[in-house]
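Reading the structure
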Amino acid sequence: MKLRIFTEPQQGATYDDLLAVAQATERLGFDAFFRSDHYQRIGAGDPGPGSTDAWITLAGLARETSGIRLGTLVTPATFRLPGPLAISVAQVDAMSGGRVELGLGTGWFDGEHAAYGIPFPPVAERFGRFEEQLEIVRGLWAAGKSFSYDGRYYRLVDSPALPKPAQRPGPPIIIGGVGAKRTPRLAATFADEYNVPFHRLGDTGAAFDRVRQACERTGRQVVLSAAQTVCVGRDQAELERRAAAIEQPLETLREAGLAGTPAEVLEKIGKLGELGAERVYLQVMDLADLDHLELIAAEVLPHV
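The present account deals with the structure reproduced in this document. Counting restarts for each chain, with residues numbered from 1 along the sequence as it is written. Note on the predicted model: pLDDT of at least 70 is required for a residue's local features to be given, and 80 or more for side-chain atom pairs to be given and counted; whole-chain, interface and lining totals, by contrast, use all residues. Water and hydrogen atoms play no part in the side-chain values, which are based on all heavy atoms of the structure.

On to the layout of surface pockets. Looking at the largest pocket, its volume works out to about 700 Å³. In this analysis the probe radius is 1.4 Å and the grid spacing 1 Å, with only protein atoms considered; a cavity is a set of points the probe fits into but cannot get out of, a pocket is an open set with protein on both sides within 12 Å along at least five of seven lines, and lining residues have an atom within 4 Å of a point. Together, 30 residues line the largest pocket, and Val-74, Trp-108, Gly-176, Gly-177 and Pro-197 are the ones closest to its centre. Only DSSP runs of H or I covering at least 4 residues are called helices, and only runs of E covering at least 2 are called strands; the numbering of each starts at the N terminus. Looking at the lining of the largest pocket, the elements with two or more residues in it are β5 (100–105), α5 (123–142), β8 (173–176) and β9 (193–197). Charged means Asp, Glu, Lys or Arg here, nonpolar means Ala, Val, Leu, Ile, Met, Phe, Trp, Tyr, Cys or Pro, and polar covers whatever is left, Gly included. Grouping the amino acids of the lining of the largest pocket by side-chain chemistry returns 15 nonpolar, 14 polar and one charged. Grid points are joined across faces, edges and corners, and a volume is the space filled by probe spheres set on the points. Approximately 410 Å³ is the volume found for the second largest pocket. Taken together, 16 residues form the lining of the second largest pocket, with Gln-11, Arg-41, Ala-245, Ile-246 and Met-285 sitting closest to its centre. Classifying every residue of the lining of the second largest pocket by side-chain character gives eight nonpolar, three polar and five charged.

The next point concerns the nonpolar core. Most often, soluble globular proteins have nonpolar side chains that are buried together. Judged by nonpolar contacts, the single largest core of 75 residues is most densely connected at Phe-30, Trp-55, Ile-175, Tyr-194 and Leu-282. For this core, the element with the most residues is α5, which contributes seven residues. Think of a nonpolar core as a cluster: buried Ala, Val, Leu, Ile, Met, Phe, Trp, Tyr and Cys residues, connected wherever their side-chain atoms sit within 4.5 Å. Partly exposed residues are those whose accessible area sits between 20% and 50% of the maximum for their type, while under 20% is buried and over 50% is exposed, using a 1.4 Å probe and protein chains only.

In this section: helix α7 (residues 201–218). Take the residue count of a helix, subtract one, and multiply by 1.5 Å to get its expected span. In this model α7 runs 26 Å from its N-terminal to its C-terminal C-alpha over 18 residues, within 8% of the 26 Å that 1.5 Å per residue would give. Three or more residues of α7 are buried, namely Thr-204, Gly-205, Ala-207, Phe-208, Val-211, Ala-214 and Cys-215. Every residue pair with non-hydrogen atoms within 4.5 Å of one another is taken to be in contact. Tucked into the core, α7 has its buried residues touching α6 (182–190), β9, β10 (223–232) and α10 (262–275). In the segment just after α7, Gly-219 is the residue with positive phi, at about 75 degrees.

A few words on the packing of aromatic side chains. Each aromatic ring pair is described using two quantities: the centre-to-centre distance and the angle formed by the ring planes. Ring pairs shown here join Phe, Tyr and Trp side chains whose ring centres sit within 6.5 Å, with only the six-membered ring taken for Trp; geometry is labelled stacked below 30 degrees between planes, edge-to-face above 60, and tilted in between. Evaluation of the coordinates by the stated rule reveals eight aromatic pairs. Taking the centre distance of 5.1 Å and the plane angle of 80 degrees together, the rings of Phe-34 and Tyr-281 count as edge-to-face. One end of the pair, Phe-34, is in strand β2 (residues 32–35); the other, Tyr-281, is in strand β12 (residues 279–284), and 247 residues separate them in sequence. Here the two residues Phe-34 and Tyr-281 agree in accessibility, since each one is buried. An aromatic cluster of three or more residues is present, and its members are Tyr-39, Phe-79 and Tyr-116. Stacked on the ring of Phe-127, the Lys or Arg Arg-182 has its end atom at 4.0 Å from the ring centre. For a ring to carry a charge above it, either NZ of a lysine or CZ of an arginine must fall within 6 Å of the ring centroid while also lying within 35 degrees of the normal to the ring plane.

In structure tokens:
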């Protein structure tokens, strides 16, 4: 089991905030640093300095870290055209020496699209564009001298398919969600990893099973992973303080996330492993609480 740190900077974080967490992630021995890809705070509250661009952030971190994996959970297909997206990810992969992973999804938060003038088509079209982006991004990375594509939403003509990423044929692609039909098919066809975000154990296991069944039809295998909000404390007082800092009820975090003492959190991580998860993304909401990462690294990480 690999533990990865996952941040939500749209809730209010500067690049320096993210750099401090990423460097702590590397120093403490976690496997990866991931961030969301949003342009606006989700939910009520102080937006602070606002969000930062995901791929600009990861480009900077690629040069200021040396060993951890870096990626998004997840980049919306609505935000970027597939050709420029393939270029950006390939460049950051080269800048990092081959440490990048691309989480890609349909996009869902209509508010941020309206706020920044980004088209937000109906869900059926978003899935159609998402599937074509998966085909195009993979195609550009793997192509030889040129790449062309003629789809319903995108058309590429004699692209030089450059630059190439450091990882060949390309960085791993992560697809997430718990949809019953389209998501398993797309994960089994295009993904290297399938992620279930923020669901209880029973729902996570059912989603894993649907993707396993889809993989039997495509003849491919994917890594299974889960994302969970994390809140770890040595005692009740520390737990309550951390839950209050992120404005979430502790009992809800215990039930639906990874909250509790190190022993309690380890037990739930073990249950995720029994379901088939090989990686767990720890959603860290308080980026200023680096002591939280220190505790997890000392009391949880060595035992997974």
